[in-house]
Amino acid sequence: MTSAELRKAFLDYFVKHNHTEVHSSPVIPANDPTLLFTNAGMVQFKETFLGQENRDYNRATSVQRCIRAGGKHNDLENVGYTARHHTFFEMLGNFSFGDYFKREAISFAWKFLTEELNLPEEKLWVTVFEEDQEAEDIWLKEMGISAERFSRCGAKDNFWSMGDTGPCGPCTEIFFDHGADVAGGPPGSPDEDGDRYIEIWNLVFMQFDRSADGTLTPLPKPSVDTGMGLERLAAVMQNVHNNYDIDLFQAIVKKAAELTGEKDLTNSSLRVIADHIRSCSFVIVDGVLPSNEGRGYVLRRIIRRAIRHGYKLGMNDLFFYKLVPVLVEQMGEAYPELAKEQANVERALKLEETRFAETLENGMKLLEEYIDGMSGDVIEGEIAFKLYDTYGFPLDLTADVARERNLSVDEAGFEKAMEAQRERARSASSFSAQAVDKIDFDGETQFIGYECDDADTKVVAIFVD
Ligand code: ATP
Ligand code: MG
Ligand code: MG
Ligand code: MG
């Protein structure tokens, strides 16, 4: 089954069961300052769960574009290292707003997987929240699943929250066993973090609203929020283990290989680039441009990271924005907003790539020389800061290079250097304000700006007659 067929099969199944199909909301949440990016299908329904907004349906289904590259759910560091994480992915979901609860949610999910998609039960593994006896009984006694492929887990994995505040509740999850060739133990075991048992679907029983001080207030009506990664399900259905080997990704990976000349399609830099073009493009589509703060800085970090991976593959020319057309070919139909914004996305990416190209090579040279000459395995904060300040290397980009060589970065040292810089800027700006105050303008003198001497932080106001 292709990814497009899977999206449709999922939506059709839930529409058949009286769910209203709702289009994906943008990756930038509307009116929600608590959240950097839309990280799950439930985000556009947050107010409905909280009982603050009524919709004319109480069952919904969607395929939501999600970003997990900041805040509570951040998978940026996993990309390129696991078979299952992306910064951008699509979440298939079904929702009940005070309508059905645990029993139906479990039964819908199990039947979709085992009857619609015909997945063998022996390949599936189920977990529940350790305190949720009700869910356990439904699985073991009513659905009759095997106790051998079942575990009870703690709050870390089986109590889901959108962010530090907002709707949350206990959950039950379904995993797919990719077989003994892959390292990793079953859920709940000490080596569960491997990629053998891959979590495909999370069914959350939305019961509480978490406030900033951690208090849990029961929601007006117990509800259901489920999320299943399209890419993970596609991997299962296409008999591949790694998400990057599915149809949706292969076209992009191949194009990246063609542009960079890399022959090995499993090269992790190609995968990182293929991942990053998706998140960066959608963040731009939904209205954010690269900048030095907030969402714009997350975008800048991801773009620069992708470009550095291109550089690692030997690219000295612009290449990243050239992946947009293949992305639009793959996803433009499901997301018409992407197709519509294609030209703007290309322009924004090209501009950022051009900007970073000016400093990337020199920054990399400095870093390489430093690494060649360093002792120990921690890159000094001062160096990371210089790369940041002079060469535009976000800290995580330097950390990414470090990790490839089994090194780390002194992040506290970086912060210290950054703080010292801010301090200098503060005293410089108060000095210049004073200086300007004292100038007696005679109408002939024109102020043209400040000159900043980095070495001793002296700021001089320059005037011409
Ligand atoms: P994992 O434990 O593998 O990191 P998760 O528990 O963080 O996943 P949930 O928050 O439960 O994931 O999200 C629901 C579903 O969304 C997951 O079961 C998975 O199928 C999918 N998913 C979550 N994070 C990602 C990601 N970074 N890339 C692709 N799919 C993801
Ligand atoms: Mg996760
Ligand atoms: Mg998990
Ligand atoms: Mg989960």
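Because the structure is predicted, anything quoted here is derived from the model rather than measured.

Draft legend 1. Spotlight on the nonpolar core. Residues L113, W139, W201, F320, L349 and I379 are the most contacted members of the largest nonpolar core, which totals 112 residues. The dominant element in this core, judged by the number of residues it contributes, is helix α8 (residues 268-285), at 10 residues. With sequence-adjacent residues up to four places away left out, W139 is seen in contact with I106, W110, V126, V128, G144, I145, F150, T172, I174 and L203.

Draft legend 2. Layout of the layout of surface pockets. A volume near 1,000 Å³ is recorded for the largest pocket. Lining the largest pocket are 41 residues, and of these R68, H85, D157, E173 and E199 sit closest to its centre. For the lining of the largest pocket, the secondary-structure elements that each account for two or more residues are β4 (73-74), β5 (88-96), α5 (155-158), β8 (159-161), β9 (166-177), β10 (197-210), β11 (216-229) and α6 (230-237). Considering only residue class, the lining of the largest pocket consists of 14 nonpolar, 14 polar and 13 charged. The computed volume of the second largest pocket comes to approximately 440 Å³. What lines the second largest pocket is a set of 19 residues, and nearest its centre among them are A4, R7, K8, E333 and A334.

Draft legend 3. View of empty space enclosed by the protein. According to the stated counting rule, one finds one cavity of 30 Å³ or more in the structure shown. Considering the residues around the largest cavity, the lining is formed by W110, E121, L124, V126, I145, S146 and R149. For the lining of the largest cavity, the class distribution of residues is four nonpolar, one polar and two charged.

Draft legend 4. How the structure looks around helix α9 (residues 294-312). Between the first and last C-alpha of α9 there are 27 Å, a value that for 19 residues agrees with the 27 Å anticipated at 1.5 Å per step. Following α9 by one or two positions, G314 has its phi on the positive side, about 95°.

Draft legend 5. Broad picture of the site of ligand 1. Near ligand 1 lie 18 residues; those nearest to it are D75, H85, W160, E199 and N202. With respect to ligand 1, the side chain of R68 contributes an N or O atom lying 2.9 Å from an oxygen atom. One nitrogen or oxygen atom from the side chain of E173 is found 3.4 Å from an oxygen atom belonging to ligand 1. Relative to its free-state accessible area of 590 Å², ligand 1 is covered by the protein chains to the extent of 90%.

Rules used throughout
- Residues numbered from 1 in each chain as written.
- Chains lettered and ligands numbered in written order.
- Predicted model: local features only at pLDDT ≥ 70, side-chain atom pairs only at ≥ 80, totals over all residues.
- Heavy atoms only, no water.
- Core = buried A, V, L, I, M, F, W, Y, C linked by side-chain atoms within 4.5 Å.
- Buried < 20%, exposed > 50% of the residue type's maximum accessible area, 1.4 Å probe, protein only.
- Helix = DSSP H or I, 4+ residues; strand = E, 2+ residues; numbered from the N terminus.
- Contact = heavy atoms within 4.5 Å.
- 1 Å grid on protein atoms, 1.4 Å probe; cavity = no way out; pocket = protein on both sides within 12 Å on 5 of 7 lines; lining within 4 Å.
- Points joined across faces, edges and corners; volume = space filled by probe spheres on them.
- Nonpolar A, V, L, I, M, F, W, Y, C, P; charged D, E, K, R; others polar.
- Expected span 1.5 Å × (residues − 1).
- Near = heavy atom within 4 Å.
- Polar contact = N/O pair within 3.5 Å; in protein donor to acceptor, adjacent residues only side chain to side chain.
- Areas by Shrake-Rupley, 256 points an atom, 1.4 Å probe, with all protein chains shown as cover.

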